[in-house]
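Topology and contacts: notes
Here is what each chain is made of, one letter per residue.
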Amino acid sequence: MQGVRRKNFKRVRQVVQSRLFAARSTFAGALREIQAAVAELQNVHFAWANPNHMYSLQEYGELQVQTREQKAKPALDSIVDKIQKVLERLCREVQAQAVLYQDSIRNASELEDITGVELFQGGGGRPRPMVVIKQEKLERAANYARVMDELSQLGIFVRLVDYLFVEGVMACAVAGVEGLLALLTVHKQQTDKQAKALFQVFVSFEPKGVAFSPNEAAILNELNANALEGIISVAQGAPRLLFMRGYAHLFEGKPSGLNTLNILRNMPHLTALRAAINQTVIDDFSAAREAVRELDIGYRKIWDFGRTWDPDAYAAQPRSLSEIRRDLVLQRNWKGSLDRMKTNMAIGCLQLDAKPLRAELAPITAAALERIKLLLLNMARQATLALLDDVTARVQMLSAHPTQLDEFVNYMVLHTAQLDDRKLLSSQAGQVDDMYESLAAHEQKVPTADQVKHDDLTEALAAFQVQLTEGKEFIADHKEEELTTLNANVTALNEELQGIIASLHTGMGHHTASA
């Protein structure tokens with residue numbers, strides 16, 4: 001019973017070995033070499049990007065083309081060359097051995113002779129046992145059958161090798177798509193703290209909202225049309241051993257094989273990966289739109305101001321000092337807000353860059369500040385000159401002390417009026433000082449000539465105050481004297497009037513007597 005089982009086991013084993021190339025010594029070595037070459041496909045990248053580098057969309061697209069054309073395709077050609085050399089050597093060996101066996105057989109009947117009789121015996125030596133002769137004939141027939149079978153199996157072996165290579169190529173394609181998805185989601189997975197967002201996206205304002213450059217559609221198109229389709233095109237364009245002219249004689253008619261393109265396009269896993277990539281980009285842009293709402297709220301007013309502000313129209317309208325100071329403070333606050341502006345935000349695979357937006361907004365506040373400061377400087381200059389002329393004239397009038405009585409009275413009236421205007425002049429001078437202080441607070445350089453005039457105004461105001469004091473003292477010193485003189489003049493005038501009246505009465509008396 002055990003002997004029967006052993007025979008059945010050997011028979012089944014021989015059948016299996018005859019069907020497995022790995023169990024056949026002629027093919028086993030070549031198959032191992034080919035498998036080693038196919039294993040090199042694991043190091044071939046159909047798509048690649050550095051996770052620690054941020055790319056512009058154009059830079060990323062060029063990198064993918066360069067990866068495919070300069071690295072992936074040459075690597076595939078190199079691996080196919082290695083496999084082809086092994087196949088060519090194997091085919092030569094199998095074909096040479098088949099020719100050798102065919103040449104050693106005069107006719108097919110020799111293979112059917114399994115008797116223990118040796119028809120041709122050389123020399124006069126001792127005849128060999130019939131068992132040995134029969135065993136040799138059996139082995140010869142088996143070897144011939146094996147060699148012929150191996151020759152017939154070359155086409156099948158080439159097909160197997162082609163399928164192994166195609167399987168490796170498709171694994172590379174799937175690995176490339178998986179790598180792209182991992183690259184897009186590396187921030188969400190938090191597996192690499194050094195990793196950066198993949199795409200650099202610039203933020204800008206538009207009348208209807210915030211714009212991204214490149215936008216969602218552009219990135220999706222780049223990933224699908226370039227990266228993903230590029231991966232599939234490399235896999236589809238990989239050399240096919242099955243269709244090479246050198247092996248055409250191993251097949252009857254035109255051979256058919258695996259359709260790489262159809263397999264990849266209909267692969268559920270690859271379809272799911274592609275959908276995940278697209279959804280990742282869509283979700284990241286949705287999160288980006290939420291993230292830039294703060295920019296829209298905080299800085300759109302500056303952008304709108306820049307579109308509508310007319311500096312000439314602003315300068316043409318009369319402005320009070322409080323209005324100008326209010327506008328200066330507003331522009332300075334905007335400028336400080338821009339200096340504190342958050343210009344970089346990593347949102348998933350997107351690195352939002354608002355530096356160009358800040359560069360667009362900064363000149364708006366800078367130009368407005370400069371124009372308003374120049375307007376204030378001009379107002380300060382005009383106010384200074386006008387007030388200086390006024391105060392200088394007042395000083396001159398107050399410094400002219402009168403010597404006549406009638407002039408003294410006028411001087412007293414003038415001095416009283418100047419005392420009444422002192423608060424007004426002080427208020428006007430304070431406004432001028434406020435203008436120059438505002439200019440200094442906003443780092444506006446005042447020309448030397450204007451500074452001199454401002455200093456002259458200060459001196460004139462001091463001189464005005466001195467003249468008021470001296471005028472007061474002059475009036476106090478001469479008031480009694482002038483009043484005495486006035487009273488004396490009044491008395492003299494009264495006496496003169498009384499004399500005139502008396503003379504008039506006297507003349508009237510003489511006239512009456514004559515009548």
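Attention here is on the structure that accompanies the text. Note that the coordinates shown come from a computational prediction; the quantities given were computed from them, not determined experimentally. (Residues numbered from 1 in each chain as written. Predicted model: local features only at pLDDT ≥ 70, side-chain atom pairs only at ≥ 80, totals over all residues. Heavy atoms only, no water.)

1. Re the overall build of the protein
Quick reminder of the rule: Helix and strand assignments follow DSSP, with helices taken as H or I runs no shorter than four residues and strands as E runs no shorter than two, numbered in order from the N terminus. We call two residues in contact when some of their heavy atoms are within 4.5 Å. Method for areas: the Shrake-Rupley scheme with a 1.4 Å probe, in which residue coverage is limited to the protein chains shown.
Looking only at helices and strands, one finds 15 helices and four strands in the protein. Excluding contacts between residues fewer than 6 apart, the proportion of contacts in the protein whose partners are at least 24 apart in sequence is 80%. Of the roughly 30200 Å² of accessible surface on the protein, 55% is carried by carbon and sulfur atoms.

2. Looking at helix H2 (residues 25–39)
What counts is decided by this rule: To estimate how far a helix should extend, the number of its residues minus one is multiplied by 1.5 Å. Relative accessibility under 20% of the residue-type maximum defines a buried residue, over 50% an exposed one, and the middle range a partly exposed one, all with a 1.4 Å probe and only protein chains included.
Helix length check: H2 (15 residues) gives 21 Å between terminal C-alpha atoms against 21 Å at 1.5 Å per residue, within 8%. All of the buried residues along H2 are Phe27, Ala28, Ala30, Leu31, Ile34, Ala37 and Val38.

3. Re the packing of aromatic side chains
For the record, the criterion: Each pair of aromatic rings taken from Phe, Tyr and Trp, with Trp reduced to its six-membered ring, is defined by centres within 6.5 Å and is described as stacked if the planes are under 30 degrees apart, edge-to-face if over 60, and tilted in the remaining cases. Criterion for a charge above a ring: Arg CZ or Lys NZ at most 6 Å from the ring centre, at most 35 degrees from the ring normal.
The final tally for this structure, using the stated rule, is eight aromatic pairs. Measuring from centroid to centroid gives 5.4 Å for Phe305 and Trp309, while their planes differ by 25°, and the two rings are stacked. Of the aromatic side chains, those joined through ring pairs into one cluster are Phe305, Trp309, Tyr314 and Trp334. Looking at Lys71, its charged tip hangs above the ring of Trp48, at a distance of 5.8 Å from the centre. In this structure, Arg300 packs its charged tip against the face of Phe205, placed 4.8 Å from the ring centre.

4. Considerations on the pairing of strand E4 (residues 350–353)
The condition is simple: Pairing between two strands requires that DSSP report at least two bridges joining them.
Residues of E4 alternate between two faces, with Leu350 and Leu352 on one and Gln351 and Asp353 on the opposite face, all of them buried. Bridging between strand E1 (residues 199–206) and E4 involves four bridges; their strand directions are parallel. Across the sheet, the residue bridging to Gln200 is Gln351, located in E4. Bridge count between strand E3 (residues 344–347) and E4: four bridges; the pairing is antiparallel. If you follow Met345 over to E4, its bridge partner there is Leu352. Counted between consecutive antiparallel strands, the loop separating E3 from E4 contains two residues, among which Gly348 sits at a positive phi close to 60°.

5. What about the packing of helix H12 (residues 321–339) against helix H13 (residues 355–399)?
Formally: Convention adopted: a line fitted to C-alpha atoms gives each axis, helices being fitted over their contacting stretch, and angles between N-to-C directions are expressed from 0 to 180 degrees. Under this scheme an angle from 65 to 115 degrees is roughly perpendicular, one under 35 degrees roughly parallel, and one over 145 degrees roughly antiparallel; angles in between are oblique. Should the near helix be turned counterclockwise from the far one by less than a right angle, the crossing is left-handed, whereas a clockwise turn marks it as right-handed. Put simply, Ala, Val, Leu, Ile, Met, Phe, Trp, Tyr, Cys and Pro go in the nonpolar bin, Asp, Glu, Lys and Arg in the charged bin, and everything else, Gly too, in the polar bin.
H13 packs onto H12 with a crossing angle of 155° between their chain directions and a minimal axis gap of 9 Å. Considering the angle they form, H12 stands roughly antiparallel to H13. Seen along the crossing, H12 lies across H13 with a hand that is left-handed. Contact residues: H12 offers Leu321, Ile324, Asp327, Leu328, Gln331, Arg332, Trp334, Lys335, Leu338 and Asp339, while H13 offers Arg358, Leu361, Ala362, Thr365, Ala368, Leu369, Ile372, Lys373, Leu375, Leu376 and Met379. Residue composition of the contact of H12 with H13, by class: 13 nonpolar, two polar and six charged.

6. Concerning the side chain of Gln467
Relative to the assigned elements, Gln467 resides in helix H15 (residues 448–514). Judged by relative accessible area, which is 12%, Gln467 ranks as buried. Excluding residues that lie within four positions of it along the chain, Gln467 makes contacts with Val395, Leu398, Ser399, His401 and Tyr411.

7. Digging into the environment of Arg68
Mapping Arg68 onto the fold places it in helix H3 (residues 57–104). Aside from chain neighbours lying at most four places away, what touches Arg68 is Phe46, Lys73, Pro74, Asn226, Ala227, Gly230, Ile231 and Val234.

8. Here we look at the nonpolar core
In plain terms, the rule: Joining through side-chain atoms within 4.5 Å is the link that ties buried Ala, Val, Leu, Ile, Met, Phe, Trp, Tyr and Cys residues into a set, and such a set is a nonpolar core.
With 91 residues, the main nonpolar core has Phe46, Ile83, Phe157, Phe199 and Leu352 as its most contacted residues. The dominant element in this core, judged by the number of residues it contributes, is helix H5 (residues 130–184), at 16 residues. Every residue in contact with Phe46, bar those within four places of it in the chain, is listed here: Thr67, Arg68, Ala72, Leu76, Val169, Cys172, Ala173, Ile231, Val234 and Ala235. Leu387, Leu425, Met435 and Leu439 belong to the second largest nonpolar core, which has 31 residues in total.

9. Observations regarding the packing of helix H7 (residues 216–236) against helix H9 (residues 268–291)
The contact between H7 and H9 brings their axes to 11 Å, and the two run at 160°. It follows that H7 is roughly antiparallel to H9 by the angle criterion. For the pair H7 and H9, the crossing hand works out as right-handed. Contact with H7, carried on its side by Glu216, Ile219, Leu220, Leu223, Asn224, Leu228, Glu229 and Ile232, involves Arg274, Ile277, Asn278, Val281, Ile282, Phe285 and Arg289 of H9 and no other residues of that element. Here the contact of H7 with H9 is built from residues that sort into nine nonpolar, two polar and four charged.

That is the geometry; function is a separate question.
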